[in-house]
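# Coordinates in review
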Amino acid sequence: MLKTVLKGKLTMKSVYRAGTCMRRFHGGVVLGSTNTSQFIKQVSEPFTVTTYARPELIIERGQGSYLYDYEGKEYVDFMSGIAVTCLGHSNPEVTDILTKQAQKLIHSSNLYYNRPAGDLAAKLVELTKASGGMADALRVFLCNSGTEANEAALKFARKYGKTKNPEKYEIITFKNSFHGRTMGALSVTPNPKYQEPFAPLIQGVNVAEAGNIDSVKTLISKDKTCAVIIEPIQGEGGVNSVDPEFLVALKQLCVDNDVMLIYDEIQCGLGRSGKLWAHGFLPAEAHPDILTMAKALGNGFPIGAVMISEKVENALSVGDHGTTYGGNPLGSAIGSYVVDQVSNSDFLASVGEKSNKFLTRFSQIADKYPNKVSAVKGKGLLIGLQMVDEVDAGSVASLARDNGLLVITAGMNVVRVVPALNIPDEAIEKGLDILEQAIAAVPFKQ
Ligand SMILES: *Cc1c(COP(=O)(O)O)cnc(C)c1O
């Protein structure tokens, strides 16, 4: 039995050679007591759906902006689980809230209101307005992830469009954007690598170019378009800040055509830009009708949210959308704490200071290695180094990892850095030294 389960690469022999004692249960196996990175990868891989290529590093625990693998090796964390753990790993307050709420109530369903969800929704609306963000913010729908937040946003915008005219269902999205992997969110993520295997996608999606208002003008119409969806700073697509003047013009086009403007701030929001919202840098005339958020909202606990204006709220009725887990007391209690922290003005000022440390050093690195780095990109603590074509950003990331620093890459050959927003200065220095060494050492492509 064990042999049939562990077919192929992993035989009984190799498992025992790896020094484990795997146990049988109900005809299956569980991992034994051996805990080495190599072994965990070896045992996990045959049972895990092939959707990621993962290195041998397995993280056992994290503390603040440091991570530790099973061999006890320390890594400076410049990626915070892809812009998620904004207050650091094992944050004591988050752990305390999580523990206390878990002892009280984890889940009660959306058939009833619950206190933590009500608190979080109210807080999001009030603090967003107080921060100079989304002037028309009115109500919040809580869900469990970024892709779900965008899914809800697209449905809400379609419902709004259809209350005007049944043909008003088209959506405009942008090149190099990323909005998620479910069918709706994927349909507005125009990356052939992600889309093609799953076509046909939803109807009525048109792709414009961020920064090019004419490309939107040719696609938008009052009769057919219900929504425009855009990230104010494109994260996955290459850490591309969208020109503020373009966003002002975009919103005006939306107003003229009665189109709902959706800002996806799943990556760039919640303090990462140096303000609560990246669109908080824009005048109110460029604020969205719908705002989506996730990632940092739970500091690692899965949660997402959509904030909408009165116009959108008026188009919705009971039964239009739902979720079993969304707005559960546990996630909401954590979300409330995170939102309190990341909207605090002292906290945001320190994000700005940390950002300057990164940006100063990044431009020094760019000056020192002009044959490898062509630009410094991004804002706040969502920043990137554009590598030239002859150098692979992925190789920089793996060299850095070997030397004890975790960074990620983004589209267009960018080394992306999205650390915890409270990363200590000492971790910044240490990580930047490792990153510079990796850039110095990275070979040119053959
Ligand atoms: C990560 C991300 C998403 C998808 O979020 P998930 O929680 O992975 O579903 C959507 N939009 C942007 C901008 C993101 O960065």
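You'll find the structure just up there.
This write-up is about the structure you can find in this document. (Residues numbered from 1 in each chain as written. Predicted model: local features only at pLDDT ≥ 70, side-chain atom pairs only at ≥ 80, totals over all residues. Heavy atoms only, no water.)

Its 14 residues place the ends of helix 13 (residues 329–342) 20 Å apart at the C-alpha level, agreeing with the 20 Å of an ideal helix rising 1.5 Å per residue. When helix 13 is considered as a whole, its buried residues turn out to be P329, L330, G331, S332, A333, I334, G335, S336, Y337, V338, V339 and V342. In this fold, the buried residues of helix 13 make contact with helix 5 (92–104), helix 6 (115–130), strand 6 (139–143) and helix 14 (345–368). (Helix = DSSP H or I, 4+ residues; strand = E, 2+ residues; numbered from the N terminus. Expected span 1.5 Å × (residues − 1). Buried < 20%, exposed > 50% of the residue type's maximum accessible area, 1.4 Å probe, protein only. Contact = heavy atoms within 4.5 Å.)

The local shell around the ligand consists of S145, G146, T147, N150, F178, H179, G180, E231, D264, I266, Q267 and K295. In this structure, D264 approaches the ligand through a side-chain N or O atom, which is 2.8 Å from a nitrogen atom. At 2.6 Å from an oxygen atom of the ligand is found a side-chain nitrogen or oxygen belonging to K295. Within the complex, 81% of the 380 Å² of free accessible area of the ligand lies under protein. Of the residues forming the shell around the ligand, the biggest block, three residues, is contributed by helix 7 (residues 146–164). Along the lines of polarity and charge, the residues of the shell around the ligand split into two nonpolar, seven polar and three charged. (Near = heavy atom within 4 Å. Polar contact = N/O pair within 3.5 Å; in protein donor to acceptor, adjacent residues only side chain to side chain. Areas by Shrake-Rupley, 256 points an atom, 1.4 Å probe, with all protein chains shown as cover. Nonpolar A, V, L, I, M, F, W, Y, C, P; charged D, E, K, R; others polar.)

With that settled, consider the side chain of T85. Relative to the helices and strands, T85 resides in the loop between helix 4 (80–83) and helix 5. Since its relative accessible area comes to 10%, T85 is described here as buried. Sequence-distant contacts of T85, that is, excluding residues within four places in its chain, are made with S80, N299, G300 and A420.

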